[in-house]
Each structure stands twice: as C-alpha cells, then as structure tokens.
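# Summary of the model geometry
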Amino acid sequence: MYLDNLYDSFKKISEVVRHDSLKYINANINKINKSNDSVNRIDMIAHNYIVDSIRDLDNIIGYISEESDDIIYFENKNINNINSYILAFDPIDGSKNLLSNITVGTIYCLYKFNPNTKSIENIIESGYCLYGPRTILVKTNNDTVEHLSLNEKYIFNKDCNLSFENNTEKIYCVNESNKFSNELNDLITFYKTNNYNQRWVGSMVSDCHQILCKGGIFMYPNSEKYPKGKLRLLYEVFPFSYIFKVAGGIGIDNNYNNILESHINFKINSNNVHKQVPIILCSNKEYHNLLNYFDIRENIFC
Ligand code: FDP
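## A few points about unusual backbone geometry
Positive phi, normally seen in glycine, also occurs at asparagine 101, with a value near 60°. Summarising the element assignment, asparagine 101 is placed in the loop between β5 (85-93) and β6 (104-114). Overall, asparagine 101 belongs to the exposed group, its relative accessible area being 72%. Residues other than glycine seldom take positive phi values, yet tyrosine 256 does so here, at roughly 65°. Position of tyrosine 256 among the secondary structure elements: in the loop between β15 (249-252) and β16 (276-277). Residue tyrosine 256 is classed as buried on the basis of its relative accessible area of 14%.

## Considering the sheet that holds β15
Spatially, five strands are ordered β12-β11-β13-β17-β15 in an open sheet, and the strand pairing comes out mixed. Edge positions in the sheet fall to β12 (197-198) and β15, since each of these pairs with one other strand and no more. Sheet analysis places β15 next to strand β17 (residues 279-283), joined by four bridges and oriented antiparallel. By the bridge assignment, isoleucine 250 is partnered in β17 with cysteine 282. The strands touched by helix α4 (residues 182-193) within the sheet are β11 (171-173) and β13 (217-220), with β13 carrying the most contacts at an inclination of about 155°.

## Description of the packing of helix α5 (residues 204-214) against helix α6 (residues 233-246)
The N-to-C vectors of α5 and α6 enclose an angle of 15°; their axes lie 12 Å apart at closest approach. One finds that α5 runs roughly parallel with respect to α6. Note that α5 runs across α6; the crossing there is right-handed. Residues Met204, Val205, Cys208, Ile211 and Leu212 of α5 touch α6, and the partners they reach there are Glu236, Phe240, Ile243 and Phe244. A per-class count over the contact of α5 with α6 returns eight nonpolar, no polar and one charged.

## Section: the pattern of salt bridges
Under the definition given, this model contains eight salt bridges. In this structure, lysine 11 and aspartate 8 form a salt bridge, with 3.2 Å as the shortest nitrogen-oxygen distance. Remark: aspartate 8 and lysine 11 occur in helix α1 (residues 4-19); sequence separation between them is three residues, near one turn of the helix. Classification of lysine 11 as buried rests on a relative accessible area of 15%. Here lysine 112 and glutamate 121 are joined by a salt bridge, their closest N and O atoms 3.2 Å apart. The exposure class assigned to glutamate 121 is partly exposed, which follows from its relative accessible area of 28%.

## Overview of the sheet that holds β6
Ordered in space as β4-β3-β5-β6-β7-β8-β9-β10, the eight strands form an open sheet in which the pairing is mixed. Each edge of the open sheet is held by one strand with a lone partner, namely β4 (72-73) and β10 (156-162). Pairing of strand β9 (residues 144-150) with β10 involves six bridges; the strand directions are antiparallel. Bridge pairing in β10 links serine 149 to asparagine 157. Together, β5, β6, β7 (119-131), β8 (135-141), β9 and β10 form the strand contacts of α5, whose direction differs from that of β7 by roughly 90°.

Basis of the calculations
- Residues numbered from 1 in each chain as written.
- Predicted model: local features only at pLDDT ≥ 70, side-chain atom pairs only at ≥ 80, totals over all residues.
- Heavy atoms only, no water.
- Helix = DSSP H or I, 4+ residues; strand = E, 2+ residues; numbered from the N terminus.
- Buried < 20%, exposed > 50% of the residue type's maximum accessible area, 1.4 Å probe, protein only.
- Pairing = 2+ DSSP bridges.
- Contact = heavy atoms within 4.5 Å.
- Axes fitted to C-alpha atoms, helices over the stretch in contact; angles between N-to-C directions.
- Parallel < 35°, antiparallel > 145°, perpendicular 65-115°, else oblique.
- Left-handed = near helix turned anticlockwise from the far one by under 90°.
- Nonpolar A, V, L, I, M, F, W, Y, C, P; charged D, E, K, R; others polar.
- Salt bridge = Lys/Arg side-chain N within 4 Å of Asp/Glu carboxyl O.

Dropping the structure here:
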C-alpha cells in the first residue's frame, strides 16, 4: 500500500508548525478530546490534513485519530474483508511542548482490519514524522526501519536505516516526577546506579526517537496519577512497539510481556479506541538486562 499522500500531509503539517503564527496555531479551540486534553488549532489542522490525504486511498476504509471520539468510516468505500485497512494516528504528539518550541511529531499505524468483527488482523506499517530542527520521517518498510529527512527540494530523502545493533548508549527515559510502585522505583535506581543517563523531553516521538538512534530504554508505566498508564494503545503504543520490533527491540506491558502479542484480533469498540496502557520500549539487549535484573531481585527477596 502506497502512503505517499500521507507523507505529503506531513510536509504540510511541518510547514504550518514552522511558519504559521504561534498565537494562531496554539489557540485553544474550546474542545476537549476523549483523552481529556484540550485541543489546539494545530491539532485539528494536522488531523484534517491527514484525513484528506488518506480519504481517496481505496483500501483505507476509515481512521482513528486522537481528535475523533470514535472510529470513523469513510463513506462510499468498497468494504471487503480481504483488503480493508484503517489508519490510526496522533496528529500532533507532545503538543504541550509546542509553546516552548520543543520538538513534536505525528505518529501513525496502518492496520489490516476486519470490518465485520471490527478487529485488527495485523500491522502493515507504522512510523512517525518529527517536526524538530529537521523534519524527519521514520517508517517501517517490511523488515527495516527507514530514516528520511525533508530536503530543500521538499522531498523525503533516505538517510539510513535505524537498528539497535550498534546503539550502545545507556539512557533511561522516564518522567520521574510521577509516583511509581516500589518495584519500578527499584528498577529506576538500578539504572541510576549502573551509570545510565536520564533524558526526558516530554514528547513520546522525541524521546523514543532518541532511544532508537542511541540506545537505552523508554518507559511510561502506570503511576499514582495515571493508574492505567497514559499513552494510547492504538496510535502511540502499538506503532512504537512495531517500530522497535523491526529495529531489533521490543515493547512490553506491565507484566514485562511483549505487548504486540495482544494486537492480533484486538477488537475495537467505542470504549477502547483511546485506551491508555503502561509501556516500556527498548532494545532486545536492554530487555534481557531488565529480565536479568528481575531474576536477581527475585533471588534476593525470596
Ligand atoms: P502530551 O501530554 O504533551 O500530549 O501523548 C501524550 C504525551 O504528550 C506524550 O507525547 C509524552 O510522552 C507524554 O504525554 C508526556 O507526559 P508528561 O506530562 O508526563 O511529561
């Protein structure tokens, strides 16, 4: 499936983020979305660009956006079980950072979808566009993760593939101002005492991009403030877990299990479109470090 129209919509969003008046794009439009965030004009501008870009793609029968209450189906589409897809996306991830001119991005995930059972059958492609010092598109392409940057001719030019193979930096990325369980506090102490460096931007796209480029571990676990986790399953957690998997890493849930294993046949309904879950994303090497750490911890406490 060609998503060139979608990538073109990222160019338009990048243009607006860079050049439109800050007052205009950051204006609150008196709307609260299903995640209880107030919606700014830029969120809706980005949402509309993306929806328009996929509307005419035959097999994409609908979409899920952070800014729509429910799954939306396009009218007049030929819905058949064999060839139906939906796109889930967060138009502007980390939008609270925009006022301070800190990098934000768009996250997307293309799902093979069964319209009869309303369930996800597979992930076809996922990626994100970063609107930072450069506009960067990172996307899966079968078994590679491609890193492209927008050049002066307004073309996404491929720079390299991203893989955890050579990424050795020890970074842990978590918002430590949240209150976690003792188990998680101990894990964070483990990173501190083993010379990991803490980095926290506060936009998932930027934080995860950093881990993909350098190595380490990203966590948004459940906490006192977010007992069920904060990040949204369908347009933040699954897409990043898929990107990490293709790059040689993993996304894990609360019980340290592979979170992608729950995506097959995940049934979408009005109550779980914006489901929030705890998530840890890291390289396979960091995952083994984490499991070793828990083995040792268990032996000490048993
Ligand atoms: P934001 O609230 O700015 O929309 O999508 C949610 C998200 O950003 C993520 O991008 C980011 O990782 C996280 O929330 C930041 O949460 P904190 O408020 O805990 O920093």
